[in-house]
Amino acid sequence: MEKAIKEVRLTEVRALEDENMIIEGYAVVFDSPATHYGYTEIVDRNAFNGCDMKDVCMKYNHEDNFLILARTRNQSLQLSIDDKGLKIRANLIDTTQNKDIYKMVKSGLLDKMSFAFTVDKEEYDYDTDTRRILHIDKLYDVSVVDVPFYESTEIYARKKEDYLKEKQAKDLELEKEKIKLMLSL
């Protein structure tokens, strides 16, 4: 069996205004084509089913010589999969480098993300030079980056109040669904 090759791709991140330094965004956007180096790549929405994401670090530009920004192992980095893609939420600890990264994300100077991974299942359409990643074996890191692979992503900073309004709206929608279910019984 051929050894898996670690790969890197780029997407989005955003900063939330709070006493904590919280950034969130999408390290992967499903079914969003990116064309580079003469081919197009698409990550399938089922690519993370069964993926090893036990210990994922958040880095800057995938650099091993830059201190880790957050990590799933200590719950400072949270990963979730939704209809859009692989969503990240990181609570950065109070360090000089994290403050710098947070300020650059908040200002929009850093506005994209990337992910480092190995693939164990893919399809390649030679007529269109399109690679579809069907299954990612292991996720190594998600990174805030200078130059993205996926240009279709976006990033923005938002105020804590906007985040709370969005959360309240989602909570209200969930309560409505619960009531509908109870009434249907």
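Analysis parameters
Residues numbered from 1 in each chain as written. Predicted model: local features only at pLDDT ≥ 70, side-chain atom pairs only at ≥ 80, totals over all residues. Heavy atoms only, no water. Helix = DSSP H or I, 4+ residues; strand = E, 2+ residues; numbered from the N terminus. Polar contact = N/O pair within 3.5 Å; in protein donor to acceptor, adjacent residues only side chain to side chain. Contact = heavy atoms within 4.5 Å. Buried < 20%, exposed > 50% of the residue type's maximum accessible area, 1.4 Å probe, protein only. Pairing = 2+ DSSP bridges. Expected span 1.5 Å × (residues − 1). Arc of directions from axis to C-beta. Core = buried A, V, L, I, M, F, W, Y, C linked by side-chain atoms within 4.5 Å. pLDDT = per-residue confidence, 0-100.

**Here we look at the side chain of S76**
- Locating S76 in the fold gives a position in the loop between strand 7 (70–71) and strand 8 (77–81).
- Here N74 takes part through its side chain, which lies 2.6 Å from a polar atom of the side chain of S76.
- Once residues within four sequence positions are removed from consideration, S76 is found in contact with A70, R71, R89, A90 and N91.

**Examining the pairing of strand 3 (residues 21–29)**
- Most of strand 3 sits out of view: 9 of its 9 residues are buried.
- Summarising the sheet, strand 3 and strand 9 (residues 85–92) pair through 8 bridges and their orientation is antiparallel. Of the residues in strand 9, the one forming a bridge with I22 is N91.

**Quick notes on helix 1 (residues 96–107)**
- Across its 12 residues, helix 1 extends 17 Å between first and last C-alpha, which sits within 8% of the 16 Å expected from 1.5 Å per residue.
- Taken together, the buried positions of helix 1 are occupied by Q97, N98, I101, Y102 and V105. Along the axis of helix 1, the buried residues cluster in a sector spanning 135°; they form a single face. Opposite the buried face of helix 1, at more than 90 degrees from it, the exposed residues are T96, K103 and S107.
- Positioned one or two residues after helix 1, G108 has a phi angle of 90°, which is positive.

**A look at the nonpolar core**
- Ranked by size, the top nonpolar core spans 32 residues in total, and within it F48, M58, L92, F115, I136 and V142 carry the most contacts.
- Elements with a contribution of two residues or more to this core: strand 3, strand 6 (57–60), strand 9, helix 1, strand 10 (112–125) and strand 11 (130–145).
- Among residues more than four places away in sequence, those in contact with M58 are I23, I68, L69, A70, L77, I88, A90, L92, M113, V142 and V144.

**Thoughts on the confidence of the model for the protein**
- Scored by pLDDT, the protein has a mean of 84; 83% of the residues are at 70 or more.
- Strand 7 holds the highest mean pLDDT among the elements of the protein, 96, whereas strand 2 (residues 14–16) holds the lowest, 58.
- Within the model, the stretch residues 155–159 combines pLDDT values under 50 with 19 contacts to residues more than four positions away or in other chains.

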